[in-house]
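Fold and geometry: a report
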Amino acid sequence: MSDSLDSLREETLVRIDSSRNEAEIEQLRIEALGRKGRLTLLLRGLKDLPADERPRVGEQLNQLRQLLEARIEDRLELVKARDKEKALREETIDITLPGNRWERGRIHPLTAVIDEIVDIFWGMGFEIARGPDIEDDYHNFEALNIPKDHPARDMQDTFFVTDGRLLRTHTSPVQIRTMENRQPPLQVVVPGAVYRHDDDATHSPMFHQVEGFMVDGDIAFSDLKGVLTHFLKQVFSEKAGVRFRPSFFPFTEPSAEIDIQCVICSGYRRNAQEQHCRVCKGSGWLEIIGAGMIDPQVFRFVGYDPERVSGFAFGMGVERIAMLKYSIDDIRLFFQNDLRFLRQFG
Ligand code: DAH
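1. Details of helix α10 (residues 318-326)
Where α10 is concerned, the buried positions are Val318, Glu319, Ile321, Ala322, Met323 and Leu324. Buried-residue contacts for α10 involve α5 (109-122), β6 (206-216), α8 (221-235), β9 (285-294) and β10 (310-317).

Here it is, written out as structure tokens:
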């Protein structure tokens, strides 16, 4: 009996000391002290001993149980403390590691150019208006004095949505929408997307325009000249030459096209052998703005009396201005979202 007691003590103590986790400790507790554990069986065997040995052996068995229980408890605490320490060690954050880099966004070059254009007019007292991309025939054509058989309505140019509804082909309908709802004096610029069935290196089916107009009791062509000359010198260069050419638009009379001196060659060829500039095709001038005095017919459509009000209007293509400012030769670059292109701006 005392042999098996000794070996139980030694074996169990060794196993306790070498146990590495809670599960192992629980396992050996069951094997020693559980209902069918070795010590429990020894205790049960007491009754078979001679009566005079029972108290002494019983005492020894109880001491052993207390000893084992205490050692198991100690070991359990030790293992738990180690586990906790290990978990804490593994969870620590090394604050000396480099952080994640956040790529900073940039303003899209077209947005930047629109903002710049609008800002210049804002500085001259213009307010900003917007209109719907999906327009009706009346505002896009009819009220702008573009008759039914006008080539601008051609299926080739206009994206029709349904009968009578279309994607606006220019920002000019916002002139009509504004004048329908308000009275002069008006000084308004309209940035926005426009749509035409056209697609090559200099034409995109969706592009942007900035429209503008000024209406009051006594607006003259000289006001148009002053405003647009100031504008062009601001966006391009104070030194850039500006020229006004007679032209035609159904919604203005008289009409003009406004050119700036070519930003690439300034119209200058070093010698007769040198190639003509590709951008201005050797003319030395670039057409930038369509403009004119608002046609009396347009005023009648919005219920203004053409005898009492006058005004000018203008429209320009944003992509074209951006291409000239930044020497970009393909309009599609603006819409492909290639980061190598976009990162060069702002
Ligand atoms: N709407 C014309 C276009 O898209 C541009 C234009 C020309 C606008 C003359 C105007 C204007 O307001 O007066 O080609």
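That shown, we press on.
2. A look at the nonpolar core
Within the largest apolar cluster, 44 residues are counted, with the highest numbers of intra-cluster contacts made by Ile117, Phe121, Ile289 and Phe314. Where this core is concerned, the elements lending two or more residues are α5, β6, α8, β8 (252-261), β9, β10, α10 and α11 (339-342). Broken down by element, this core gets its largest block of residues, seven residues, from α5. Apart from residues no more than four positions distant in its own chain, isoleucine 117 is found in contact with Val210, Phe231, Val235, Met316, Val318 and Ile321. Listed in part, the 22 residues of the second largest apolar core include Ala129, Met179, Phe299 and Tyr304.

3. A short note on the environment of glycine 311
Tracing the sequence through the fold places glycine 311 in strand β10. On a C-alpha basis, the gap between glycine 311 and alanine 201 in space is 35 Å, while along the polypeptide they are 110 residues apart. Apart from the residues within four sequence positions on either side, glycine 311 is in contact with Met214, Val215, Ile219, Gly292, Met293, Ile294 and Phe299.

4. Points about a negative patch on the surface
A surface patch of negative charge is lined by Glu69, Glu73, Asp74 and Glu77. Turning to its location among the elements, glutamate 77 is positioned in helix α4 (residues 54-91).

5. A word on the site of the ligand
In the neighbourhood of the ligand, 15 residues make up the surrounding shell, with His170, Ser172, Arg196, Gln209 and Glu211 lying closest. A distance of 3.1 Å separates an oxygen atom of the ligand from a polar atom in the side chain of glutamine 175. Arginine 196 has a polar side-chain atom sitting 2.8 Å from an oxygen atom of the ligand. Burial of the ligand by the surrounding chains reaches 89%, relative to a free accessible area of 360 Å². Within the residue set of the shell around the ligand, elements represented by two or more residues are β6, β9 and β10. When grouped by side-chain class, the residues that make up the shell around the ligand number five nonpolar, eight polar and two charged.

Definitions and limits used
Residues numbered from 1 in each chain as written. Predicted model: local features only at pLDDT ≥ 70, side-chain atom pairs only at ≥ 80, totals over all residues. Heavy atoms only, no water. Buried < 20%, exposed > 50% of the residue type's maximum accessible area, 1.4 Å probe, protein only. Helix = DSSP H or I, 4+ residues; strand = E, 2+ residues; numbered from the N terminus. Contact = heavy atoms within 4.5 Å. Core = buried A, V, L, I, M, F, W, Y, C linked by side-chain atoms within 4.5 Å. Patch = residues over 30% accessible without salt bridge, like charges linked within 9 Å, V, L, I, M, F, W, Y side chains within 5 Å. Areas by Shrake-Rupley, 256 points an atom, 1.4 Å probe, with all protein chains shown as cover. Salt bridge = Lys/Arg side-chain N within 4 Å of Asp/Glu carboxyl O. Lys, Arg positive; Asp, Glu negative; His and termini not counted. Charge placed at Lys NZ, Arg CZ, Asp CG, Glu CD. Near = heavy atom within 4 Å. Polar contact = N/O pair within 3.5 Å; in protein donor to acceptor, adjacent residues only side chain to side chain. Nonpolar A, V, L, I, M, F, W, Y, C, P; charged D, E, K, R; others polar.

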